[in-house]
Amino acid sequence: MTGADESDAVHVVQNVIAIGGFAYGVINGDLYVHGDGRPVYIVREREPPVVPQTGWLLELPSRLLDARHEVVEFTGRVAELTVLTRWRDSADRLSVLYLHGAAGEGKSRLAARFADRSTADGWKVLEARHGGDTIAVTPESQNLAAGDAPGLLLVVDYADRWPVEHLQWLFANRLLHSPVPTRVLLIGRSVHSWMSLQHALDEIRARSEDLELRPLAGTEDERRSVFDAARSRYGLLYGIAVTDEPPPLHHRDFARVLSLHMAALVAVDAQTSSSEQLSDPARLSAYLLRREHSHWARMHARSVSGFATPPGLLARTAFTAVLAGSQPASAATPLLRDINDTSSWPVDVAKVLTDHGVCYPATGGRLLEPLYPDRLAEDFLALQLPGHDQSGYPVDETAGQALARAVRRLAGDTPVRYLDRALTYLAAAASRWPHAGTRYLFPLLRSDPRLALDLTTALSEIAAVPGMDADLLETIDGVVAEDDAVGRDVARAVLSERLLDSRLAAAVDDLTRSALHRSHASRLNRAGRTEDAVAALDAALAVLGPDDQAADTPVTPAEKERRHSRSAALLLRATTLRTAGRLDDALESATRADRAISALAAADPDRYLLRQLTIRSEMAIDLAEVGQRRAALELATKVSGTLLLLASENRDNQEVHERIAALSNDIAQMQVTLGRTREALQHADLAVKSYRRLAAADPDALVELARALNSHSTVLSGAGRSAEAIKPAEESTRLRRELFAANPARFRSDLAMSLNNQAAALDDLHRYAEALPLINEAIALRRELAARVPARHLADLAMSLRNLSTIRRGSHQYELAAAAAEEAVATSHQADAYHRGRRPGQLPRSINMLADALRRLGDLPRAVDLTRESMELFRQSAAEEPEAFIPDLAMALFEFARVRIEAGIEVDEATLAVREALVLYTGLRTERPSAYIRQLAACQQVLRMAESLQARETSR
């Protein structure tokens, strides 16, 4: 849903949707819903926990362990609370922190304590829960605005189980973009999930960081302290004095708080029944879950409040609840019947659900509330499934069949809605209970490997389950690899990591091993993990040995293959390094790749020439990146000529046509930087037409079509044809938004570029209101990029800041224009420190922009100094590369003259400068007749003013 238009005014917007006969609404926020009316997520005010009565808590161990009930007093984590408080109180307007750690480390309790502190400090604290099929929605409307609070904190538990797209929707919610400081605390388990979340966080355009929650109880003394505190609390609730010696706490699981609480609870409960002390985590879970079974049996035997469900049926219902999560009442009955064979049940399904709700009550009229905490629920799944070694536990012989029905495909070959949840819990269970993997999870995946394609967040967790054999991983990988959607790039990288060692072990020679490292690097690169990709490529090259043979030395057939493989690794390394901002290293790698392939291409052009041309195309880009623009264009033009010759000889060679399209696009950009607009337009137009043909047959070509459209728009704008530039700019932005939604890490920079150029084209047409949100979005993305890879992205950020200044100036917001230009100058100085003068136009363009903004604000003295600095820098650059910098020099001369004429100083020098600008602009118009008309008119006006001042001074 959408709300009111953005402006400086305060809007109070209420979006309401009716669900199942009642409505849930939010004020000052957005509500996203599925097509069937289920909310994608719910954001609501956090309510303080209500501690239930002691008698009710004591009925079930799961209630005593549930973090929501906060039975055991929170202790420790002082350092982590300090980090969280410092993060909350930072100067950032919007910031995200991912709190992650293994199950049972106390993430939820720590987050709850931090939320309580934030509430006490006056912050508005909200919580977001995912999925209309697993959360309760009560009929109400909530005002989510911060009001007078100093800030807003949003807590998102289980963030690693949200589909990335849904996180992006959450991050787009206007709630997070209010003027007050806003913090988003995401909570999850795995590092793999953090990689995926990092991509989603890029779209929020906010500072992000993570905090790993390490084991609280690492030493024996620390474990004993946590254990004793929990045992004392449970003893107080049980009404007994703790007398037994504590059990050994040596097992590695006892480094986790939840495991110690489970041990403490078992110790107290066992003391009441004179049972033996337990110290094995698996036996602790079995003990506690037997207590759950015992409570069900007592409720049934005594018919408490009409309780009629036998414990075996309640166990099957609890099993279903863990797999599917809580459900609306209308969905719970058919779901329970669908997963279980209820035809022979002695109790009506509706009554079973009611009795289950007595033991595990949900809110909002829902049913099938699962067991908590998650660790206990995962162990419950494993213990219900036959095959474990816990004697005396009531195994359900039908659980395997119920599990298979729970994850089967429905009519139309569609997966069940809760598939991701079910397999996530099963994978977590299998990580501790081997039989859950070998007898259930792995066979399910073998029987239907396409389940992997239906998963959103669970695939990375499944790939990490111990004991999964390489053959099954290869099968899953093959299925995922066939679906080349960019949204699966992160999962593909995780699978590749898991399989790399076994693949390397099976490789028969160095060429195969190098190719495996290279393939792994490619997946890492697509997932946005550039530094990891470079490391993998270094490993690929190390396998092949040094590339120290001269290019013209005769080589054996084996050496030919080695050189070919080396060139492939070096080429990918060059493009990866360029993405990482390591431009000199990228050029060095491309040069080495060319050296490796040259002799092969000369001896066997049919096989190796296209590879050499591809490498040289990348070399040309790297040359341009390090400032060698003429050499870059010369090399690219030469390669293009050879490619066109190959295309004429073999019209059906798709790869040749792809290279021509890509190179045409690159040449257009190079020609623009050198001022050769007419030739640039021809190449840009050719690139767009070529990629349209390619994209019609192969959707993957849309990536390059978006790039070509962006370039075409830039060239049209540079040629003074801004009205024509709008359409390709809009199409490029639309395509890149779609690509970015699927893989933010890979397409973040591309989207920022399209947004920047579309805003610039709109600015040229004086459509400032349309341009402003686009340039702000581009700047936000580029800030994030520059923070991560400054060498690569600082210059782009400076460019966008200059465009923002221009747009603000056009809107007569001169102070805001000056502020943007000030930042552009500072950013350009930073960029120069990385580029060492290889991008000479960036700094003087920013200085010129600032001078103009200051002139409009009346700060003429500073503007005078800045215009001299800008002019001198451009004069130096134009002397070295006239084609590239004559337009900039003309602009700098004009600004130099105008500010002096307005200040009434240095009139003679100003007159000479504006006359020189007129000469330069007149020369430029011979190349681009439709351009520079406005600049020439402005120069003539300033010249008349200068000559008038000179005449006035002469007459005195």
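What counts, and where the lines are drawn
- Residues numbered from 1 in each chain as written.
- Predicted model: local features only at pLDDT ≥ 70, side-chain atom pairs only at ≥ 80, totals over all residues.
- Heavy atoms only, no water.
- Helix = DSSP H or I, 4+ residues; strand = E, 2+ residues; numbered from the N terminus.
- Buried < 20%, exposed > 50% of the residue type's maximum accessible area, 1.4 Å probe, protein only.
- Contact = heavy atoms within 4.5 Å.
- Areas by Shrake-Rupley, 256 points an atom, 1.4 Å probe, with all protein chains shown as cover.
- Pairing = 2+ DSSP bridges.
- Salt bridge = Lys/Arg side-chain N within 4 Å of Asp/Glu carboxyl O.
- Core = buried A, V, L, I, M, F, W, Y, C linked by side-chain atoms within 4.5 Å.
- UniProt positions renumbered as here; feature names shortened; annotations may be inferred.
- Axes fitted to C-alpha atoms, helices over the stretch in contact; angles between N-to-C directions.

**Topic: the overall build of the chain**
When its secondary structure is counted, the chain shows 39 helices and eleven strands. In the chain, which comprises 956 residues, the share counted as buried stands at 55%. Residue pairs in contact within the chain that sit at least 24 positions apart in sequence constitute 69% of those at least 6 positions apart. Approximately 39,100 Å² of the chain is accessible, and the part contributed by carbon and sulfur atoms is 52%.

**A short note on the pairing of strand 4 (residues 94-100)**
The element strand 4 is extensively covered by neighbouring structure, given that seven of its seven residues are classed as buried. Because side chains alternate across strand 4, one face comprises the buried residues Leu94, Val96, Tyr98 and His100, and the other comprises Ser95, Leu97 and Leu99, equally buried. Pairing of strand 4 with strand 8 (residues 182-188), which is carried by seven bridges, proceeds in the parallel orientation. Directly across from His100, in strand 8, lies its bridge partner Gly188. One ladder, built from six bridges, connects strand 4 with strand 9 (residues 207-212); its direction is parallel. Counterpart to Leu99 in the pairing with strand 9 is Leu211.

**Considering the environment of Phe740**
By the element assignment, Phe740 lies in helix 30 (residues 722-742). Between the alpha carbons of Phe740 and Asp750 there is a distance of 8.4 Å; along the sequence they are ten residues apart.

**Focus: the pattern of salt bridges**
Counted according to the given criterion, the structure contains 63 salt bridges. A salt bridge links Arg767 to Glu770; the shortest N-O distance between them is 2.9 Å. Arg767 gets classed as partly exposed once you look at its relative accessible area, which sits at 31%.

**Considering unusual backbone geometry**
Residue Pro373 follows Tyr372 across a cis peptide bond; omega there is -5 degrees. Considering the arrangement of structural elements, one finds Pro373 in the loop between strand 11 (366-367) and helix 13 (374-384). Unlike most non-glycine residues, Glu70 shows phi in positive territory, near 50 degrees. Within the secondary structure, Glu70 is located in the loop between helix 2 (61-65) and helix 3 (78-88). A positive phi angle, close to 50 degrees, is found at Ser305, a residue other than glycine. For Ser305, the location among the structural elements is in the loop between helix 9 (281-302) and helix 10 (311-324).

**Regarding the nonpolar core**
The biggest cluster of nonpolar side chains holds 102 residues, and the ones touching the most others in it are Tyr234, Trp296, Phe319, Phe380, Leu441 and Ile476. For Trp296, the residues in contact, after removing those within four places along its chain, are Leu60, Phe307, Pro311, Leu314, Ala315, Ala318, Cys359, Tyr360 and Phe380. If you look at the next biggest cluster of nonpolar residues, it comprises 55 residues, including Leu889, Leu893, Leu918 and Cys939.

**Remarks on the pairing of strand 3 (residues 41-45)**
Of all five residues that make up strand 3, four are buried, and the element is covered over most of its length. Where strand 3 meets strand 5 (residues 124-130), five bridges bridge the pair, whose relative direction is antiparallel. Looking at the pairing, Val43 lines up with Ala128 of strand 5.

**Quick word on the UniProt feature "coiled-coil region" (unreviewed entry) in the chain**
According to UniProt, the "coiled-coil region" (unreviewed entry) feature falls on residues 646-673. Annotated as residues 646-673, this span is 86% helix and 0% strand, and its ends, taken at the C-alpha atoms, are 28 Å apart.

**A word on the side chain of Ser722**
Mapped onto the elements, Ser722 comes out in helix 30. For Ser722, the contacting residues outside a window of four places in its chain are Leu716, Ser717, Ala761, Asp764 and Leu765.

**Structural notes on the environment of Leu265**
Position of Leu265 relative to the elements: it lies in helix 8 (residues 257-272). If we ignore the near neighbours within four places in the chain, the residues touching Leu265 are Pro61, Leu64, Leu65, Tyr234, Tyr238 and Leu288.

**Concerning the sheet that holds strand 9**
As summarised here, the arrangement of the six strands in space is 3-5-7-8-4-9, forming an open sheet in which the pairing is mixed. In the strand order of this sheet, the two ends are held by strand 3 and strand 9, each with one partner. Taking each pair of neighbouring strands and ignoring which way they run, the sheet shows an average axis angle of 20 degrees. Running at roughly 165 degrees to strand 8, helix 4 (residues 107-120) makes contact with strand 4, strand 5, strand 7 (152-156) and strand 8 of the sheet.

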